[in-house]
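Here's the letter readout for the chains.
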Amino acid sequence: MTVNLRGNWNYPTTIWAGPGRIRELPEACARAAIRWPLLVTDEGLIAAPMIKSALAALPGAALFGAVRGNPAASHVEAGLRAFRSGGHDGVVAFGGGSALDVGKVVAFMSGQTRPLWDFEDIGDWWTRADIAGIAPVVAVPTTAGTGSEVGRAGVILNEETHQKKIIFHPQMMPRIVILDAELTVGLPRAVTAATGIDAFVHCFEAFCAPGFHPLADGVALEGMRLIHRYLPRACANGQDIEARAQMLAAASMGATAFQKGLGGVHALAHPVGSWFNTHHGLTNAVILPYVMAHNRAAISDKVDVISRVLDLPARGFQGMLAWVLEMRRELGIPHSLGAIGVSADKAEIIGREAAIDPSAGGNPRPVDAATLERIFRAAVAGNLDAVVSAA
Ligand SMILES: [Fe+2]
C-alpha cells in the first residue's frame, strides 16, 4: 500500500493564554493595528460586565451585539453596516462561536465588493477576495468549544436555502487570541458540557480523518486527553480555573487539529442545526456515538490509540464507546435527537445535505446520503443498535 506523505499545514495563530489576560486587550488591539474596533458579541452577553469592561478599556470601540446562535447572513449584514457606518478599522470578536464567526466574517467582508456567498469554501474561491479589504481581528472566546478563534473560516446560515455555508479565507485568522479562563467561569453547566463535547468531537473526528497530518494528530490526541480529564471538573465546579483554562486550550487545539478534516458527526450536525436550530455542540454530543458505531471497522486502530492515551478502563472500540456514552450520561446529554426537538420528518433532506457538507469528506468510511439518513434516523430515535447491526 502506498502511504500518503503529502499535506498542507497551517499553525500560525498568536495566542495569549492565561487567567486575567483580558486586561491585555488594549495592547492586543494596538499590536493588531486596530484603533477603532467594532466589538462583536452575542445577544446574551451585551449587558455582561466583561463586555462593559472591554468597552471601557477601548476608548475607540463601539458595540455590535445582534448575534444569535446559528448566525445567519442577516447578522453579518447588520454587523457590516455597523462596521462601515462607524468607520471602524478592525473587530474584537468576543463571545461564543457565533460571535467569533460573525466578527471574523464582518472583518473579512468589510472591504469586499463581491457578495458573501462568493467566498464559500469551494476550490480556490477565496482567491476572489481583495486582501487589502480584510480588517484585522482580535478574538476572545467565552466558551470552550468551537475553537473559532484559531480558525480561518466562519459558518454562516443561508436563510433562503437553510444551508450552513463555510466562508473561508486564510487571512480571516485572528491576529491575536486571548484565552482567559476567568471569562468562562460563569458558563452554565449544560453549555460547558455541550461546548466541551464539541471540542472533543473536533479532536476525535480530526484524528480519525484520513490524510497525512501528524501535527494535527498529535494536537488532537492531547486535546482529547485534556477534555477527558478536565471537562468533568469544569462541569462539576464552574469556578475551577485550572479546568477552565485547560478546556479553553483544548478547544483551540480541536479547531487547530480539524484543519485535517472533520467527519460524519459534523456533516450531520450542520443541517440539523440549520433546520431545527439546535445548539451545535449539543447536536454533536448526541450524534457522536451513532457515527462512531458506523465507522467502527475503519477506526479501530485509531480508537485503540485514543483509549490508551485517555487511559480508559477498557481499551479499544468498546471501551471508547462505553466511555463516550457514560460521559454523555454524566453530563446530562440526551441519547436521542428526538429529545432535543429534532424529528425524522426532514430525514431525507438531512441525509442529502449532510452528504454534500464539506465535513463528510473527512469521514473515515465513505458516506452517501442514504447512509447518513439512516444514521440520522437512528439518532432521532435513540436507537444505537440500529447502526451497530448495520455496520
Ligand atoms: Fe463543531
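The present account deals with the structure reproduced in this document. Computed from a predicted model, the values in this text were never measured in an experiment.

As for the overall build of the protein
Then comes step 1: For the protein, the count of helices and strands is 13 helices and 8 strands.
Then comes step 2: Its C-alpha atoms give the protein a radius of gyration of 20 Å, near enough to 21 Å, the size a compact globule of 391 residues would have.
Then comes step 3: In terms of overall dimensions, the protein has C-alpha extents of about 60 × 45 × 45 Å along its principal axes.
Then comes step 4: With 391 residues in all, the protein has 57% of them scored as buried.
Then comes step 5: For the protein, the share of sequence-separated contacts (at least 6 apart) that also reach a separation of at least 24 residues comes to 78%.
Then comes step 6: Accessible surface computed for the protein: about 15600 Å², of which carbon and sulfur atoms make up 53%.
Then comes step 7: Of the charged side chains in the protein, 33 are positive and 35 negative, and the gap between their average positions amounts to 2 Å.

Notes on the coordination of the iron ion
Then comes step 1: For the iron ion, the protein coordination sphere consists of Asp198 (OD), His202 (NE2), His266 (NE2) and His280 (NE2), at 2.1 to 2.3 Å.
Then comes step 2: Angles of 86 to 171° at the metal separate the 4 donor atoms of the iron ion, which places the site in the irregular class.
Then comes step 3: Site description for the iron ion: donor spacing in sequence, D-x3-H-x63-H-x13-H. Of the two residues, Asp198 and His202 both sit in helix α5 (residues 189-208), 4 residues apart, roughly one turn of that helix. Judged on exposure class, the residue Asp198 and its partner His202 are both buried.

What about the pattern of salt bridges?
Then comes step 1: Tallying each qualifying case throughout the model produces 11 salt bridges.
Then comes step 2: The salt bridge partner of Lys260 is Asp217, with a shortest N-O separation of 2.7 Å. Residue Lys260 is located in the loop between α7 (241-257) and α8 (264-276), and its partner Asp217 is located in helix α6 (residues 214-236); the two are separated by 43 residues in the primary sequence. For the residue pair Lys260 and Asp217, the accessibility class agrees, reading buried in each case.

Observations concerning the sheet that holds strand β1 (residues 14-17)
Then comes step 1: With parallel pairing, the 6 strands of this open sheet are ordered in space as β1-β8-β5-β4-β2-β3. The sheet terminates laterally at β1 and β3 (62-67), the two strands that pair on one side only. Strand-to-strand twist of the sheet, defined as the mean angle between neighbouring strand axes without regard to direction, takes the value 20°.
Then comes step 2: Here strand β2 (residues 37-42) runs beside strand β4 (residues 90-95); their pairing, made up of 4 bridges, is parallel. Bridge pairing in β4 links Val40 to Ala93.

With respect to α8
Then comes step 1: Here α8 contains 13 residues, and its C-alpha end-to-end distance of 18 Å stays within 8% of the 18 Å for a straight helix at 1.5 Å per residue.
Then comes step 2: Across the 13 residues of α8, 11 count as buried, placing the element largely inside the fold.
Then comes step 3: Among the residues of α8, Gly264, Val265, His266, Ala267, Leu268, Ala269, His270, Pro271, Val272, Gly273 and Ser274 are the ones counted as buried.
Then comes step 4: Buried residues along α8 sit against β6 (153-158), β7 (163-168), α5, α9 (280-309), α11 (347-356) and α12 (369-381).
Then comes step 5: Asn277 lies just past α8 and shows a positive phi near 50°.

Notes on the packing of aromatic side chains
Then comes step 1: Counted by the stated rule, this structure contains 4 aromatic pairs.
Then comes step 2: Taken together, a centroid distance of 5.0 Å and an interplanar angle of 90° make the contact between Phe108 and Phe119 edge-to-face. Of this pair, Phe108 sits in helix α4 (residues 97-109) while Phe119 sits in the loop between α4 and β5 (137-141); the two residues are 11 residues apart in sequence, bridging distant segments of the chain. Here Phe108 and Phe119 have matching classes, each one buried.
Then comes step 3: Taking 6.2 Å as the distance between ring centres and 15° as the angle between the ring planes, the aromatic pair formed by Phe200 and Phe204 counts as stacked. Of this pair, Phe200 and Phe204 both sit in helix α5, 4 residues apart, which is roughly one turn of that helix.
Then comes step 4: Classification of Phe200 as buried rests on a relative accessible area of 0%.
Then comes step 5: Following the ring pairs from residue to residue traces out a cluster consisting of Phe200, Phe204 and Trp323.

Analysis parameters
Residues numbered from 1 in each chain as written. Predicted model: local features only at pLDDT ≥ 70, side-chain atom pairs only at ≥ 80, totals over all residues. Heavy atoms only, no water. Helix = DSSP H or I, 4+ residues; strand = E, 2+ residues; numbered from the N terminus. Rg over C-alpha atoms; globule rule 2.2 N^0.38 Å. Buried < 20%, exposed > 50% of the residue type's maximum accessible area, 1.4 Å probe, protein only. Contact = heavy atoms within 4.5 Å. Areas by Shrake-Rupley, 256 points an atom, 1.4 Å probe, with all protein chains shown as cover. Lys, Arg positive; Asp, Glu negative; His and termini not counted. Charge placed at Lys NZ, Arg CZ, Asp CG, Glu CD. Donors = N, O, S within 2.8 Å, 3.2 Å for Na, K, Ca; no water. Tetrahedral: all angles 85-135°; square planar, octahedral: opposite > 155°, others 65-115°. Salt bridge = Lys/Arg side-chain N within 4 Å of Asp/Glu carboxyl O. Pairing = 2+ DSSP bridges. Axes fitted to C-alpha atoms, helices over the stretch in contact; angles between N-to-C directions. Expected span 1.5 Å × (residues − 1). Phe/Tyr/Trp six-rings, centres within 6.5 Å; stacked < 30°, edge-to-face > 60°.

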